[in-house]
Amino acid sequence: MPNQIPEIAFLLKEVERKYGREVHTSTDFESLSVVIEREINEYISSATLKRLWGYVSLKPVPRVATLDVLCRFIGQPSSKAKMPSCRPMTASAPRSSCWATPSSLTI
């Protein structure tokens, strides 16, 4: 994962943990896209996932909506709160969002 943004790198590792494996191939990204859609009924294309993981050479700043979907996939609510609160949610200590605010997303 060549992301220089620590919050996004953390989020992608958490997605891989929830998915149960690292994603490295085109097939992995296609499969992860299907798993996300089946689990939370929201779609992220394999092309978007490839861009996030750096599988393709484009390095755009990800959209907030994309990060929201990945947060929901790992069991985090989607909000514009700061990253340090991102840990698995528990009944006794619910957490806010698992990604940085757009203003902190700099490459």
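This report concerns the structure included in the present document.

Rules behind the numbers
- Residues numbered from 1 in each chain as written.
- Predicted model: local features only at pLDDT ≥ 70, side-chain atom pairs only at ≥ 80, totals over all residues.
- Heavy atoms only, no water.
- Helix = DSSP H or I, 4+ residues; strand = E, 2+ residues; numbered from the N terminus.
- Buried < 20%, exposed > 50% of the residue type's maximum accessible area, 1.4 Å probe, protein only.
- Expected span 1.5 Å × (residues − 1).
- Arc of directions from axis to C-beta.
- Contact = heavy atoms within 4.5 Å.
- Axes fitted to C-alpha atoms, helices over the stretch in contact; angles between N-to-C directions.
- Left-handed = near helix turned anticlockwise from the far one by under 90°.
- Nonpolar A, V, L, I, M, F, W, Y, C, P; charged D, E, K, R; others polar.
- Salt bridge = Lys/Arg side-chain N within 4 Å of Asp/Glu carboxyl O.

Below, the discussion takes up unusual backbone geometry. With a phi angle near 60°, Asn41 is a residue other than glycine that sits in the positive phi range. Counting through the fold element by element, Asn41 comes out in the loop between α2 (26-40) and α3 (46-53). Among the residues examined, Asn41 registers a relative accessible area of 66% and is labelled exposed.

A few words on α2. The end-to-end C-alpha distance of α2 is 21 Å, a good match for the 21 Å that 15 residues give at a rise of 1.5 Å each. Every buried residue of α2 is listed here: Asp28, Phe29, Leu32, Ser33 and Ile36. The buried side chains of α2 occupy one side of the element, clustering within an arc of 140° when seen end-on. Exposed side chains of α2 directed beyond 90 degrees from the buried face belong to Thr27 and Arg38. Residues of α2 that are buried sit in contact with α1 (6-19), α3 and α4 (64-73). Asn41 lies just past α2 and shows a positive phi near 60°.

For the rest of this paragraph, the subject is the packing of α2 against α3. Contact geometry for α2 and α3: axes closest at 8 Å, N-to-C directions at 115°. Remark: the crossing between α2 and α3 carries right-handed chirality. On α3, the residues touching Ser26, Phe29, Glu30, Leu32, Ser33 and Ile36 of α2 are Ser46, Leu49, Lys50 and Trp53. When the residues that make up the contact of α2 with α3 are grouped by side-chain class, the tally is five nonpolar, three polar and two charged.

Within the structure shown, the criterion is met by six salt bridges. Glu14 is paired through a salt bridge with Arg17; the nearest N and O atoms lie 2.9 Å apart. With Glu14 and Arg17 both in helix α1 and three residues apart, this pair spans about one turn of that helix. Note that Arg21 is salt-bridged to Asp28, the shortest N-O span being 2.8 Å. Of the residues examined, Arg21 reaches a relative accessible area of 46% and is grouped as partly exposed. According to the relative accessible area criterion, Asp28 is buried, its value standing at 7%.

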